[in-house]
Amino acid sequence: MEYNRQDLIQIAYEAKKYSYAPYSGFHVGAALLCTDGTIFSGCNIENAAYTPSNCAERTAIFKAVSEGYSSFAAIAIAGDKEEYLAPCGVCRQVLMEFCDADTFEVILAKNNTDYQLLQLRDLYPYAFSQSDLISHKIC
Ligand code: THU
């Protein structure tokens, strides 16, 4: 679908402002575009017990799914790094659950105008998915 990538990146940077990252000091924002044009943003949310922490990407996806949205076109990810920020393995797996790997776009932002564009398929090849479960189902 047609959309403005820089606008999505801008929303990801705005979401980063709400990042709660007192343990890592690593602040991340994400903006998830639904196929109907709705945008959900998210930030990383850390916890003193560490493992309950949530990445910005999953915050955005869980917000969307919990409000009835499950068809997605793209996500922009913005961090503090001076390099392109790629999603962690867990977030790739969660994206794979809901997104069409061959059309969904992952935008790795370095700043507001400099970004790298990837297809989810290239970011997460050989993913484990629902179809793996179905092919092994014993009826
Ligand atoms: N983090 C994200 O939110 N997204 C990424 O793509 C990479 C990592 C968060 C998790 C944790 O709060 C902090 O960044 C350091 O790993």
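Just above, that's the structure.
First, a word on what this report is: a plain description of the structure on this page. (Residues numbered from 1 in each chain as written. Predicted model: local features only at pLDDT ≥ 70, side-chain atom pairs only at ≥ 80, totals over all residues. Heavy atoms only, no water.)

A few words now on the overall build of the chain. Within the chain, the secondary structure is distributed over five helices and five strands. Starting at the N terminus and ending at the C terminus, the chain contains elements arranged as α-β-β-α-β-α-β-β-α-α. A compact globule built from 139 residues would reach a C-alpha radius of gyration of about 14 Å, and the chain, at 15 Å, matches this within 12%. Projected onto the principal axes, the alpha-carbon positions of the chain cover approximately 50 × 40 × 30 Å. Within the chain, buried positions represent 39% of all 139 residues. A separation threshold of at least 6 residues defines the contact pool for the chain, and within that pool the share at least 24 residues apart is 62%. Carbon and sulfur atoms make up 52% of the accessible area of the chain, which totals about 7,800 Å². Separation of charge centres in the chain, based on 10 positive and 17 negative side chains, amounts to 4 Å. (Helix = DSSP H or I, 4+ residues; strand = E, 2+ residues; numbered from the N terminus. Rg over C-alpha atoms; globule rule 2.2 N^0.38 Å. Buried < 20%, exposed > 50% of the residue type's maximum accessible area, 1.4 Å probe, protein only. Contact = heavy atoms within 4.5 Å. Areas by Shrake-Rupley, 256 points an atom, 1.4 Å probe, with all protein chains shown as cover. Lys, Arg positive; Asp, Glu negative; His and termini not counted. Charge placed at Lys NZ, Arg CZ, Asp CG, Glu CD.)

Bringing the packing of helix 2 (residues 56-66) against helix 3 (residues 89-98) into the picture now. How two helices sit against one another is set out by the angle between their axes and by the gap between those axes. Their axes nearest at 9 Å, the elements helix 2 and helix 3 cross at an angle of 25°. Between helix 2 and helix 3, the interaxial angle falls into the category roughly parallel. For the pair helix 2 and helix 3, the sense of crossing is left-handed. Along its contact with helix 2, which presents E57, R58, I61, F62 and V65, the element helix 3 presents V90, C91, V94, L95 and F98. (Axes fitted to C-alpha atoms, helices over the stretch in contact; angles between N-to-C directions. Parallel < 35°, antiparallel > 145°, perpendicular 65-115°, else oblique. Left-handed = near helix turned anticlockwise from the far one by under 90°.)

Moving on, we get to a nonpolar patch on the surface. Taken together, the side chains of Y20, Y23, I45 and Y50 present a nonpolar region at the surface, about 450 Å² in accessible area. By secondary structure assignment, the location of Y23 is in the loop between helix 1 (5-16) and strand 1 (29-34). (Patch = residues over 30% accessible without salt bridge, like charges linked within 9 Å, V, L, I, M, F, W, Y side chains within 5 Å. Salt bridge = Lys/Arg side-chain N within 4 Å of Asp/Glu carboxyl O.)

Our focus in this paragraph is the nonpolar core. Formed by 24 residues in total, the largest nonpolar core has its most connected members in L32, I75, F104, V106 and L120. Taken together, the elements giving at least two residues each to this core come down to strand 1, helix 2, strand 3 (72-78), helix 3, strand 4 (105-109) and helix 4 (120-123). A per-element tally of this core places helix 2 first, with four residues. Each residue touching L32, except ones within four places of it in the same chain, is listed here: T38, I39, F40, A60, I61, A64, F72, A74, I75 and F104. (Core = buried A, V, L, I, M, F, W, Y, C linked by side-chain atoms within 4.5 Å.)

In terms of strand pairing, strand 4 meets strand 5 (residues 115-119) through five bridges, oriented antiparallel. Following the sheet pairing, L108 is matched in strand 5 by Q116. (Pairing = 2+ DSSP bridges.)

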